[in-house]
Each structure stands twice: as structure tokens, then as C-alpha cells.
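# Tertiary structure, described
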Amino acid sequence: MADPLIQVENLYKLFGNNPDKHMSLVHEGKSKDEILAATGHTLGLKNINLSINPGEIFVIMGLSGSGKSTLIRHFNRLIDPTEGVIKVEGTDVMQLNPKELEQFRRHKMSMVFQRFGLLPHKTVVENVAYGLRIQGVDKSESLSRARQWLETVGLAGYEEQYPAQLSGGQQQRVGLARALCTDAEILLMDEAFSALDPLIRSEMQDQLVQLQEKLHKTIIFITHDLDEALRLGDRIAILKDGEIVQQGEPEEILLHPATDYVEAFVHDVNRARALTVETVMKDPAYRITADTIADALSQMKGFGRDYGYLVNESGYQGVVKAERLEQAYQDNKDAKLDAALYEDVEPVDPHAVLETVIPNTLDADYPLPVVDEDGQLTGQLTRGTLAEVLGETHKPVEQQKDESRTPAA
Amino acid sequence: MAESNWLTEVPQLDRSELRDIRKTLDTAYRDFSREHGEMIEAFFDPLLSFLVWFEKLLLATPWWLVIAIVAGLAYLASRSWKLSLGVVVSFTLIGYFGMWEDAMSTMSIILVCTLMAIILGVPIGIVMARSDRMQTLITPVLDVMQTMPAFVYLIPVVMLLGIGKIPGVIAVIIYAIPPVIRLTNLGIRLVDKDVLEAATAYGASPMQRLVGVQLPLAMPTIMAGINQTIMMALSMVVIASMIGVSGLGQPVLKSITNQYFTLGLLNGLAIVALAIIFDRVSQAYAKRTQRHLGGMDNG
Ligand SMILES: Nc1ncnc2c1ncn2[C@@H]1O[C@H](COP(=O)(O)OP(=O)(O)OP(=O)(O)O)[C@@H](O)[C@H]1O
Ligand SMILES: [Mg+2]
């Protein structure tokens, strides 16, 4: 794997007048509330370790006050850490002098703010062009680039309005356009979509995903909303009281919540939309690799089922059923297996979202074969699996995953 | 001295000791002004010539042109016909009652003083806003400037520079500058932290933040300070006339000593008219510059 773009090591932040004096309490493991009561200092972040890879969307989640905004502000040093190291492309940002820091902020990162942070005395288009103007790009050039981005976020026609004349959601999109306009490599988005209504919100999410496919930026995205996190995130970190309680890929967090806190988070999520077939399918146990009907029938008897997935060297061929094979066997005991005997079953794509395969799975009399883009049989999806994964409890999911691993071994 | 005396009588310095202290301080200051007075006067020469030039310009211009220009400026700043009409009426009346020349002198003094107060006051306010230490240092000085009776600091100014226009201007500036300084400081400190943070996040340098964000957003507050400064300068004009500043204050002073009630009233009214015009025009202008700043707290 490539070197991480952003690396955070042992980051601590204690807010207050004399944080250094009270850091010993933090290291003793006192809780946020205890420290606040004893010293009047607020523990913002505690022992954060992260590495963010180039080109990924890294989502930071947590309840209000858990330190999300504090953490994201450390990346461009709007907040200085009390302890710890932040490296961007291998450079320790704490070592930058003021001039270098300005350059770093101008060209490396741009930010979308939770409370917009638009300049009220400038028009919308001037706001979007602000980053470029600060860099010293000339006026007409930056305004014309700003116009394009405004169009992209769906605000064409509002160029000459002032921020106060726009709705909250529109202002948020201005903030997004402003961040995209500088073409910085890293995008910091602090609840960038939280002020949008559900419809525009999901539109903006799609747009972000599309943009990301084109631009390959590294995006650090803060949200309250797990559905949004699962939709956008390549990886997710969950914060609680300034500490990371779990980080990992979305499926991992969904299927194996590390603590009750995380579990409470994932509880309400629409799993049918969040999970792909790949993450819940069982290993394919019932392969049939025979040339003749007789062999096929005996293999089927071997694993005690009345169906099987026929595979050969070029991959998955189809589903065969005992009943049909037996009929054919009665007619001709030496007959070869041929395409006429396969069931007509549409295989499932491992990357498909569960929601899209529910109808087919429920219709079929046997588990659906999961076939990857190379035509290889990679798994099977049963009604039972679906019922368990989409059901409320987590325990059965874990057990069933463990069981499904055993036969493959 | 009896033991119980200090309970009934205020403990006091000896008269002779007090006199000595006064004498030493006064002589020291007198020596200082004798030695450096001329140099300091020379320092203010450009200001004096500007003031004199401006006064002459106002007086040399035909009265109707002055009225037209002032009314035009009032309209540009406020976009209000009523205000411009008020300017025309009150200036005509001022001229009709024989106060034209004094009014022009007063206007030129006010203008110069206000300009100087802005040129000095805004940067001081900026410095104060940047550092809490500077704020704690400068605030008491401003308190003294605003509460010390104006007559008291006329004395050292007169000792230093004698009687005349420049000491008058300096006294007016000292008296009138605190609001600009205070409100520049306040305005910059009140700038929305989120907006400033956004500018910082995009790599704005301290200068870019000041010019592009802090000053424009503090402008309504700074304008309120300038407005107050103009008002205070106007009210100081009468007192400053005691040390030889020409203008509407002179006849007022004369009326007090000779008990001319009507003369005093007329000149007083003329000062009021000027005050109202300056106030309304500067406020209307301030309001117009800040019309986009409202309503940012939604969302
Ligand atoms: N400048 C500050 N001074 C003191 N404490 C602060 C400061 N900024 C943040 N905190 C504290 O740090 C903690 C985390 O705040 P932060 O703004 O990072 O939360 P958040 O996760 O972004 O919450 P939200 O979802 O509401 O935006 C809070 O307890 C807050 O009180
Ligand atoms: Mg926040």
C-alpha cells in the first residue's frame, strides 16, 4: 500500500488556560468529566492515531461534542495539538513556519465548514473565488472558475447574491463550491451536508462520489449520519469523548461493532442499503465438477443436497437440480452434462447492494450463486442469511459468518 | 501633630510642600516647552497650512456652490432628498443670520480633526484589537482622555504651543479620538470567529485577513465610532474657542461674557444644525455600507 497521506500519532488536545500542567491527569486515564470537574479544562482529543491514504474518503463520526470538529481542525492547524504529531505527506505540520503554513493551507487543503463561514460582505461568486484570490490568481480567472463550480453545485444564477440572501442549504453549497474551487488535494468537510434537505443531500452525496471518481481527492468527511458515512466512506472512525472507539471499513463496523456505543450507532442503519452481497455471502459449498450426470448425482449425494453449482475450468456454468438430472439419467445412463440440463438462474454480483437482490433471493428455491466479474463462483446467498443480516440482532450474524468459514477451511 | 487629628481632619501635605511639588513640575514642563516648543510647532506646520488652506478654500468658494456641494455629498452618502433639503435650508439660514464665515471655520476644523482622528485612531484601534496586552494598556489612557475635564488638558497644550489654531486642533483631537479607537477595537474583536477562521483556513495572511475580512466586517462599528467622534469634536468647538480657535464657538464665548442671549442662542443653534447634518449623513452612509451584513446568523 502507498504511504499514508495524513498520519496522526498520539494526538492529544486539552482545552484550557494551562493544558500542559494538567496533561498528567489525561495520561493517568482520568475521564473527560473528571478532568473538567477537577481542573476546568476540557479534554478535546485523547490519544488519536490515524492514517489516511491518498484518494480515500475517510469518515469521522461521533455524537455532538465528541471532538470531530476539533480533530479535523488539527489537520490544517486551525487548532494546535497539546501533544502528538500530525504529518501530511511526511512533513510534520507543527514544524511549518507561518509563511509555510499559509502556503500549505492555500494549496494542500481546503475546508467546508459546519457553520459555513462565508464572507457576508462578498457576493456568492466572490466567496467561491476567495481561495484563488488569496493565492494571488487574477480576478477574472478566479471569477470564471468560481462560476463553473457554482454551476456544478447547482447554484447558477445566484452569483451576484449575498450569502445572507441564500437559504442555509444554498449557503452550504456555496461553501462546498469554495472548497472545490482551489483544487486542493485534500478536502476537509465538517458536516458539509448537514444543512441540506434529504433530497438535495443525497444528490450532493452522489455528486461527491462522482467527483471523487474523476478527481481522486483525499476527503475527510465528518457526519452525524451513519447512512451517509456508509455511503461515502472507504473507512470510518468513530469518536467518543475525544477517543477513537473503532475504525475500519464500513462493513466491519456494521457487522462487528466494537462497543455498545458503536452498536447504538449502527442500530438504526438500513443494512439492506449499506451492505453488499460480498460482505454477507457464505462460501460456496456445493460445487459440482463433473462431466457426466452420474458423477454429478453422486457428488450431490456426497454433500446431501438436491442441487449444486456446476463449475468447470472456465468458471461458473449454472445450477443443476437432482430431480432433473435423475430424469435425464433414466433416459441415458452415460449422458454428459449439457447446457439443456442447467436451471436458468441469474447469478448475483458480489458488489451488488443487498436491497437489490432481495426479490430474487426470496423467489429462488435454493441459495443464489454469487459470481464475480471473472465468471468464478465466489459464494452463495441464502434466504436465511438475508433474514439474519437484515434482522435486528447482531449475534447471529457473527455466528453464521464463523460457521460459513469453517467448511471452506 | 496630635494623635487624634487624622480622624477628624484629612491628612494633608504641608502647604509649602505642595507648593514645591507644583513648582518643580510646572518649571520642568515650562523648561521642556521652552526647549522643544518650536520644534513641536514645526512638526504641526503641515497640519496648520492644510487647515488654513481648507478654511480659505471654503470661504473663497461662492456660498451657493458650497451649499450645492454639501447637499450633493449628503445625497451621495444617504440617498435621501429630505436630508439634502435640510442641508440647503439650514445653511441658507446660517448665512442669512450672518454666521457664514464662522460656520465655515468650524466645518474646516471639524473636518480636519475628524480626518486626523481617523488616521490616528483606526490604526491604534487595530493594534488594540490584536493584542490583549495593548488593550489593557490603552484602555485606561482612553478613560482618562474622556473623563478629564477638557479645560485641564488645554493648559499643557497652551503652555507648549501657545494660543492658536494648532493647540485648538490638538485639544479637539484628544477629546474626540477615543470613540474611534474604542469602536475600531470593539468592531474587530466582534468579527464572527467562524468567518475569520474560514479565511485563515484558506491561507489568508494577517494582512489579507485585516483588509479583506476584519475591517470590512467591523466597518459598521467603526462608522459608529467616527460618528461619535464628529459629535464630540463639534461639542469641543466652543471650549476650544477659548484658546483662539475661530468659528461658531467665538461668538458663544463672547455672549457668555457680555450676556448677549440671542447671539449665543443663534450660534448655538447653528452648531446644533451642523451636528444634526453630520450625524444623519454619517449614519445613513454607515447603514448603506452594512446592508449585506444583516441576517448572517441564520442556519
Ligand atoms: N475552543 C474551545 N475551547 C474549549 N473547549 C472546546 C473548544 N472547542 C471545542 N471544545 C470542546 O471540545 C469538545 C469537542 O468539541 P467539537 O466541536 O470538536 O465537537 P463535535 O464533535 O464537532 O460536535 P458537533 O457534532 O456538535 O459539531 C466539546 O466538549 C467542546 O466543549
Ligand atoms: Mg462539529
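For clarity, every value in this text was computed on a predicted model and none was experimentally measured. (Residues numbered from 1 in each chain as written. Chains lettered and ligands numbered in written order. Predicted model: local features only at pLDDT ≥ 70, side-chain atom pairs only at ≥ 80, totals over all residues. Heavy atoms only, no water.)

## A look at the coordination of the magnesium ion (ligand 2)
All names here are of chain A. Definition in use: The donor definition counts N, O and S atoms within 2.8 Å of each metal and applies 3.2 Å to Na, K and Ca; water is not among these atoms, so some sites may look incomplete. Secondary structure elements are taken from DSSP: a helix is a run of H or I of four residues or more, a strand is a run of E of two residues or more, and numbering for both begins at the N terminus. Throughout this description, buried means an accessible area under 20% of the type-specific maximum (1.4 Å probe, protein chains only), exposed means over 50%, and partly exposed covers the range between.
Every protein donor of the magnesium ion (ligand 2) is listed here as Ser69 (OG) and Gln114 (OE1), and their distances to the metal cover 1.9 to 2.4 Å. Pair noted here: serine 69 is in helix α3 (residues 68–75) and glutamine 114 is in the loop between β6 (109–112) and α5 (124–128), with a separation of 45 residues, a long-range link. For glutamine 114, a relative accessible area of 31% gives the class partly exposed.

## With respect to a negative patch on the surface
Residues and elements named next belong to chain A. Basically, it comes down to this: Candidates for patches are residues over 30% relative accessible area with no salt bridge; among them, like charges are joined within 9 Å and nonpolar side chains (Val, Leu, Ile, Met, Phe, Trp, Tyr) within 5 Å. With residues, only the protein chains shown are counted as cover, and all accessible areas are computed by Shrake-Rupley using a 1.4 Å probe. Only one rule defines a salt bridge in this text: a Lys or Arg side-chain nitrogen within 4 Å of an Asp or Glu carboxyl oxygen. This count recognises Lys and Arg as positive and Asp and Glu as negative, with His and chain-terminal groups excluded. We put the charge of a Lys on NZ, of an Arg on CZ, of an Asp on CG and of a Glu on CD.
A contiguous patch of negative charge on the surface is contributed by Asp33, Glu34, Asp241 and Glu243. Position of glutamate 34 among the secondary structure elements: in helix α2 (residues 32–39). Judged by relative accessible area, glutamate 34 falls into the partly exposed class, the value being 43%.

## Observations concerning the interface of chain A and chain B
For clarity, the threshold we go by: Note on contacts: a residue pair is in contact if any heavy atoms of the two residues lie within 4.5 Å. Defined here as a combined quantity, buried area equals the accessible surface (1.4 Å probe) lost by two parts on assembly, summed across both. Here a polar contact is recorded for every N or O atom pair within 3.5 Å, except that within protein the pair must consist of a potential hydrogen donor and a potential acceptor, and residues adjacent in sequence are included only if both atoms are side-chain atoms. Charged means Asp, Glu, Lys or Arg here, nonpolar means Ala, Val, Leu, Ile, Met, Phe, Trp, Tyr, Cys or Pro, and polar covers whatever is left, Gly included.
Across the boundary between the two partners, chain A contributes 30 residues, which contact 24 residues of chain B. Roughly 2,300 Å² is buried in total at the junction of chain A and chain B, and carbon and sulfur atoms are behind 62% of that figure. Interface area lost by chain A to chain B is led by Pro120(A), His121(A) and Tyr130(A), which between them contribute 23%. Between Asp194(B) and Arg115(A) there is a salt bridge whose closest N-O contact spans 3.1 Å. In this structure, the connection of chain A to chain B is made through 8 residue pairs in polar contact (both at pLDDT 80 or more). Counting residues per element, the ones that place at least two in the side of chain A that touches chain B are α4 (98–107), β6, α6 (130–135) and α8 (168–181) of chain A. In the side of chain A that touches chain B, the residues fall into 15 nonpolar, 8 polar and 7 charged.

## Considering a positive patch on the surface
All names here are of chain B. A cluster of basic residues, Arg15, Arg19, Arg22 and Lys23, forms a positive patch at the surface. With respect to the secondary-structure elements, arginine 19 resides in helix α2 (residues 15–60). The exposure class of arginine 19 is partly exposed, given its relative accessible area of 47%.

## A word on the packing of aromatic side chains
Threshold: For Phe, Tyr and Trp, where Trp contributes only its six-membered ring, two rings pair if their centres lie within 6.5 Å, and the inter-plane angle classes them as stacked under 30 degrees, edge-to-face over 60, or tilted in between.
Inspection of every chain in the model, using the stated rule, returns 13 aromatic pairs over all chains. Ring plane angle 45 degrees and centroid distance 6.4 Å describe the contact between Trp53(B) and Phe54(B), whose orientation is recorded as tilted. An aromatic cluster is built from Tyr286(A), Phe303(A), Tyr307(A), Tyr309(A) and Tyr366(A), whose rings are joined through pairwise contacts.

## With respect to the site of ligand 1
Residues and elements named next belong to chain A. Stated formally: Here a residue is near a molecule or strand as soon as one of its heavy atoms is found within 4 Å of it.
Neighbouring ligand 1 are 14 residues; Ser64, Gly65, Lys68, Ser69 and Thr70 lie closest to it. Residue glycine 65 places a main-chain N or O atom 2.8 Å away from an oxygen atom belonging to ligand 1. For ligand 1, whose free accessible area comes to 630 Å², the fraction covered by protein is 64%. Sort the elements by how many residues they give to the shell around ligand 1 and α3 lands first, with 3 residues. Of the residues belonging to the shell around ligand 1, the class tally is 2 nonpolar, 9 polar and 3 charged.

## Considerations on the sheet that holds strand β8 (residues 218–223) of chain A
Residue and element names in this part refer to chain A. Convention followed: Two strands are counted as paired when DSSP detects at least two bridges linking them. All axes here are fitted lines through C-alpha atoms, helices being fitted over the stretch that makes contact, and every angle between N-to-C directions spans 0 to 180 degrees.
Read across the sheet, 6 strands follow the order β6-β7-β8-β3-β9-β10 without closing on themselves; strand pairing throughout is mixed. Every other strand in the sheet has two partners, leaving β6 and β10 (243–248) as the edge strands with one partner each. Strand after strand, the sheet turns through a mean of 15 degrees between neighbouring axes, direction not considered. Packed on one face of the sheet, α8 meets β6 and β7 (186–190) and runs near 180 degrees to β6.

## A look at the sheet that holds strand β2 (residues 42–52) of chain A
Residue and element names in this part refer to chain A. Within the open sheet, the 4 strands sit side by side as β2-β1-β4-β5. Their pairing is antiparallel. Unpaired on one side and paired on the other, β2 and β5 (91–92) mark the two borders of the sheet. Looking at chain direction, strand β1 (residues 6–15) and strand β4 (residues 83–88) are connected through 5 bridges and run antiparallel. If you follow glutamine 7 over to β4, its bridge partner there is lysine 87.

## What about the domain arrangement of chain A?
Here is the rule: In this document the domain limits rely on a domain assignment from an automatic tool or a database.
The domain boundaries assigned to chain A delineate domain 1 (6–108 + 184–269) and domain 2 (278–399). Here the C-alpha centre of domain 2 of chain A lies 43 Å away from the C-alpha centre of domain 1 of chain A.

## Some details on the layout of surface pockets
Counted only if it meets this: Here a cavity means grid points, on a 1 Å grid over the protein atoms only, where a 1.4 Å probe fits yet cannot get out; a pocket means an open set of points with protein on both sides within 12 Å along at least five of seven lines; lining residues are those with an atom within 4 Å of a point. Grid points are joined across faces, edges and corners, and a volume is the space filled by probe spheres set on the points.
Computed from the structure, the largest pocket encloses a volume of approximately 780 Å³. Those elements that provide at least two residues to the lining of the largest pocket are α2, α3 (63–78), α5 (100–130), α11 (206–240) and α13 (261–289) of chain B. At 7 residues, α3(B) tops the list of elements feeding residues into the lining of the largest pocket. Residue classes in the lining of the largest pocket are distributed as 23 nonpolar, 3 polar and no charged. In this model, the second largest pocket occupies a volume close to 650 Å³. Every residue lining the second largest pocket is counted, 27 residues in all, and those nearest its centre are Asp227(A), Glu228(A), Leu230(A), Arg231(A) and Leu232(A). Looking at the lining of the second largest pocket, the elements with two or more residues in it are α9 (198–215), α10 (226–232), α11 (250–255) and α13 (271–274) of chain A. The residue inventory of the lining of the second largest pocket, partitioned by class, reads 9 nonpolar, 7 polar and 11 charged.

## Quick notes on the UniProt feature "transmembrane region" (unreviewed entry) in chain B
Which entries qualify depends on this criterion: UniProt positions are given in the numbering used here, feature names are shortened, and annotations may be inferred rather than shown by experiment.
Mapped onto this numbering, the UniProt entry gives "transmembrane region" (unreviewed entry) at residues 57–76, 83–100, 106–129, 150–177, 229–248 and 260–278 of chain B. This span, residues 83–100 of chain B, is 83% helix and 0% strand, and a straight line between its end C-alpha atoms measures 20 Å.

## Remarks on the environment of Leu234(B)
All names here are of chain B. Position of leucine 234 relative to the elements: it lies in helix α11. Overall, the relative accessible area of 2% leaves leucine 234 in the buried class. Not counting residues up to four positions away in its chain, the partners in contact with leucine 234 are Thr106, Ile110, Ile271, Leu274, Ala275 and Phe278.

## Some words on unusual backbone geometry
Residues and elements named next belong to chain A. Of note in the backbone geometry, asparagine 47 takes a positive phi value of approximately 45 degrees without being a glycine. Here asparagine 47 lies in strand β2. Classification of asparagine 47 by relative accessible area gives partly exposed; the value is 36%. Phi at histidine 216 is positive, roughly 50 degrees, even though this residue is not glycine. By the element assignment, histidine 216 lies in the loop between α9 and β8.

## Some remarks on the confidence of the model for chain B
Regions with low pLDDT carry predicted coordinates that are not meant to be interpreted in detail. Residue and element names in this part refer to chain B. Using the following cut-off: Every residue gets a pLDDT, meaning the predictor's confidence in that residue, from 0 to 100.
Residue-level pLDDT values for chain B average 88, and 96% of them are 70 or greater. Mean pLDDT in chain B bottoms out at helix α1 (residues 5–8), which sits at 78, and peaks at helix α9 (residues 178–189), which reaches 96. Among the scores for the predicted complex, ipTM is 0.79 and pTM is 0.79.

## Overview of the pairing of β1(A)
Where β1(A) meets β2(A), 7 bridges bridge the pair, whose relative direction is antiparallel. Bridge pairing links Leu14(A) to Leu43(A) in β2(A).

## Let's talk about the nonpolar core
Keep this limit in mind: Here, nonpolar core means buried Ala, Val, Leu, Ile, Met, Phe, Trp, Tyr and Cys residues that are tied together by side-chain atoms lying within 4.5 Å of each other.
Core analysis: the largest hydrophobic core is formed by 191 residues, its most contacted members being Ile6(A), Phe75(A), Met189(A), Phe193(A) and Phe91(B). Two domains each provide a minimum of three residues to this core, namely domain 1 (6–108 + 184–269) and domain 2 (278–399) of chain A. Residues within four places of Phe75(A) in sequence aside, it is in contact with Ile6(A), Val8(A), Leu50(A), Ile52(A), Ile86(A), Val93(A), Phe104(A), Met109(A), Leu188(A) and Ile220(A). The next biggest cluster of nonpolar side chains, apart from the first, holds 15 residues, and it includes Ala290(A), Ala296(A), Leu297(A) and Val320(A).

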